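# Results of the structural survey
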Amino acid sequence: MGNMENIEYECPHKVAIPPTKPFLQSLMTTLKETFFPDDPFRQFQGQPGSRKLVLGLQYFVPILEWAPRYTFDSFKADLVAGITIASLAVPQGISYAQLASLPPIIGLYSSFVPPLVYAMLGSSRDLAVGTVAVASLLISTMLGKEVSPTEHTREYVQLVFTSTFFAGVFQASLGFLRLGFVVDFLSHATIVGFMGGAATVVCLQQLKGMLGLVHFTHATDLVSVMRSVITQVHEWRWESGVMGCCFLVFLLLTRYFSKKRPAFFWVNAMAPLTSVIFGSVLVYLSHAEKHGVPVIGHLKKGLNPPSIAELAFGSPHLMTAIKVGIITGIIALAEGVAVGRSFATFKNYHIDGNKEMIAFGMMNIAGSCTSCYLTSGPFSRTAVNFNAGCKSAVSNIVMATAVMITLLFLTPLFHYTPLVVLSSIIIAAMLGLIDYEAAIHLYKIDKFDFVVCISSYIGVVFGSVEIGLVTAVVLSLVRVLISVARPRTFALGNIPNSVIYRSMDQYPNATHVPGVLILQIDSPIYFANANYLRERISRWIYEEEDRVKAAGENSLQYIVLDLSAVGSIDTSGISMLEETKKNVDRRGLKLVIANPRSEVIKKLEKSKFIESLGEEWIYLTVGEAVGACNFMLHTYKPNHVEVAFSAQDCNV
């Protein structure tokens, strides 16, 4: 080689390659991290067989775990809370059954059996079980297209029970199979927009009851509803309108008062039942039902009749029932689990999402067999339960007992309840779901989330519930795909007076390292993004070469790839690195790897990429990689200086 001087650079640390695990052990570890991140089996370790049986029963039936510790003081608190939410459950149950185009009595049935099942299987102390408006609307709009609820009432009810059964099966399956992450595809922005849009549609649908209209469109979009209202101006009943507005103002004022004075939460909780009682008395005394004010009419006494025989597994509309069950099941899960977790945070305890899914599924399966339709954990009822001071799920048992007494003895009292009062109750409840403050917050924080939210809202209001939901989910998935297929890459610079290297976009005072381009890849490298990363790295290189040339600095010599944020890599990603190395070599540059993670370095070693790159070009930190590059840059001389590495200290 002529006149050469051998200079040795010793790498301060070496990158270790973890030992290879047996395939089965690696597979079991992956499955455990995927399906059992909370390690539910830990409590069974080291326990005798009898104790494991008890722990297993307590895991699947939580009431067996906390019931032995239940105290009389807790019962007194739950008794008050249960009676309070029962006063809300009765009018809401009747109202939401009307919204679902079901006989009102089914709404009461649905507040009896499901709460009892949840009290045994649920892990939330605060969740109050009952029917929900959005699911009721979905059932009415989606099943109502197949079977008319007025002309073929029995067939429609059978389909509702069947869809509830499949919703329960789907929910319980997600819990048993530990697939709760499926619900996570409904992002917060999606739920805010969808709930707001559904609430708006529900309010629009209540114009039928508020105005005393007999014939009304079955469509849910804004244009169809307003056309139906405007074209029937001559059929508006002023009696219904005045009564509805008065009760709506009363309900909104009680909510406002309770928000301003939380100690008087019971005022808002009792307002719906008060409206029902007062409205019934008013209609009875004035005979308003004879002057255009529709009433509920006869409600039969008695507990839930069995409905197993009513499940329409042989119906020609079975696939529609399954589809409705899955969609409403997901919506109910997303709302119920989110509400339960929110209130659990206030009391500093944890609820198990998979247990909740099992509980929701089992209560809906049981409900479908006992003349109930889909139930979940509505926010309004849970908030009342929480503010009433509930201590456990016993409040649901108390509520169910109160509903049972109503079914056995009090249903005739609801004969004169005006439908306009039910419409007012629904509108008052729905206005609370239009969370415009959350939408404004999304706009300030993340514009794409805001677009998802507004798209969902517009899709529901101007299209249909299905269109809004599909639009929001598709946009959310597109965002996920974009983040996977187009990961972020950063050019790193040196923070002055330190050996720290950070993004120059985030830290403008960070400086370029002469002759060295440091790039950080901020995601795993998969087949979906490998081609993009190859092209993006090439672009970084020629942009840096242009910058160096324009600034008159030393020419670019080294490309350092910081892989600290790359948690995994597949064969396409390895091929991308190999092609990047060839591209760098053709430009007369040298590729350097910094901080490869465990899974990445194992695959690079098995694929012979390390052998191709050279073990001496892989470093533990960006600082060490830059130090080595600077050493070689500063020791290079025209009379040929050969730079050697200590293979002993710098080997991988």
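Residues numbered from 1 in each chain as written. Predicted model: local features only at pLDDT ≥ 70, side-chain atom pairs only at ≥ 80, totals over all residues. Heavy atoms only, no water.

## A few points about helix 7 (residues 133–144)
Residues separated by three or four positions in an α-helix point in the same direction, a consequence of the helix having 3.6 residues per turn. How we decide: In this description a helix means any DSSP run of H or I spanning at least four residues, a strand means any run of E spanning at least two, and both kinds are numbered starting from the N terminus. Expected helix span is computed as 1.5 Å times (number of residues minus one). We call a residue buried when its accessible area falls under 20% of the maximum for its residue type, exposed when it is over 50%, and partly exposed in between, using a 1.4 Å probe and counting protein chains only. Any two residues whose heavy atoms approach within 4.5 Å are treated as being in contact.
A rise of 1.5 Å per residue sets the reference length of helix 7, with its 12 residues, at 16 Å; its end C-alpha atoms lie 16 Å apart and thus fit the reference within 8%. In terms of residue burial, helix 7 counts as a mostly covered element, since 11 of its 12 residues are buried. Buried residues along helix 7 sit against helix 4 (72–99), helix 8 (153–176), helix 9 (188–205), helix 14 (318–346), helix 18 (419–431) and helix 21 (465–485).

## Side note on the pairing of strand 4 (residues 516–521)
This is how it is decided: At least two DSSP bridges between two strands are required for those strands to pair.
Summarising burial for strand 4: six of the six residues are buried, a large majority. Burial of the side chains of strand 4 extends over both faces: Val516, Ile518 and Gln520 are buried on one face and Leu517, Leu519 and Ile521 on the other. In this structure, strand 2 (residues 489–494) lies alongside strand 4, joined through four bridges in antiparallel fashion. Along strand 4, the bridge assignment pairs Thr489 with Ile521. Judged from the five bridges that link them, strand 4 and strand 5 (residues 558–562) form a sheet pairing that is parallel. Paired with Ile518 across the bridge in strand 5 is Val560.

## Here's the deal with the layout of surface pockets
For clarity, the threshold we go by: Residues are called lining when one of their atoms sits within 4 Å of a cavity or pocket point, these points coming from a 1 Å grid over the protein atoms alone, where a cavity is a set in which a 1.4 Å probe fits but cannot get out and a pocket is an open set with protein on both sides within 12 Å along at least five of seven lines. Grid points are joined across faces, edges and corners, and a volume is the space filled by probe spheres set on the points. Residues are grouped as follows: nonpolar covers Ala, Val, Leu, Ile, Met, Phe, Trp, Tyr, Cys and Pro; charged covers Asp, Glu, Lys and Arg; every other residue, Gly included, is treated as polar.
Counted as a void, the second largest pocket has a volume near 1000 Å³. Along the wall of the second largest pocket there are 37 residues; nearest its centre are Gln98, Leu99, Ser101, Ser140 and Lys208. Within the residue set of the lining of the second largest pocket, elements represented by two or more residues are helix 4, helix 7, helix 10 (207–210), helix 18 and helix 21. Per-class residue counts for the lining of the second largest pocket are 15 nonpolar, 18 polar and four charged.

## So, helix 20 (residues 447–463)
We count it as follows: Two N or O atoms form a polar contact when they lie within 3.5 Å of each other; inside protein one atom must be a possible hydrogen donor and the other a possible acceptor, and for residues adjacent in sequence the pair counts only when both atoms belong to side chains.
Look at helix 20: 23 Å from first C-alpha to last across 17 residues, which is about the 24 Å you get at 1.5 Å a residue. Val452, Cys453, Ser456, Gly459, Val460 and Val461 are the residues of helix 20 that are buried. Among the structural elements, helix 9, helix 11 (222–230), helix 19 (436–445) and helix 21 are those in contact with the buried residues of helix 20. You can read the cap of helix 20 off the contacts: a side-chain oxygen lies 3.0 Å from the backbone nitrogen of Phe448, and it is on Asp446.

## Some details on the packing of aromatic side chains
Quick note on the threshold: Any pair of Phe, Tyr and Trp rings, taking the six-membered ring for Trp, is counted once the centres come within 6.5 Å. Such a pair is stacked with planes under 30 degrees apart, edge-to-face with planes over 60 apart, and tilted for the rest.
For the coordinates displayed, the defined rule picks out 14 aromatic pairs. Aromatic pair Tyr118 and Phe360: ring centres 5.9 Å apart, planes at 40°, arrangement tilted. Within this pair, whereas Tyr118 is found in helix 6 (residues 113–121), its partner Phe360 is found in helix 15 (residues 353–368), the two being separated by 242 residues in sequence. Here Phe360 falls in the buried class, since its relative accessible area comes to 0%. One aromatic cluster is present, built from ring pairs that chain together Tyr59, Phe60 and Phe176.

No statement about biological role is implied by the geometric values presented.
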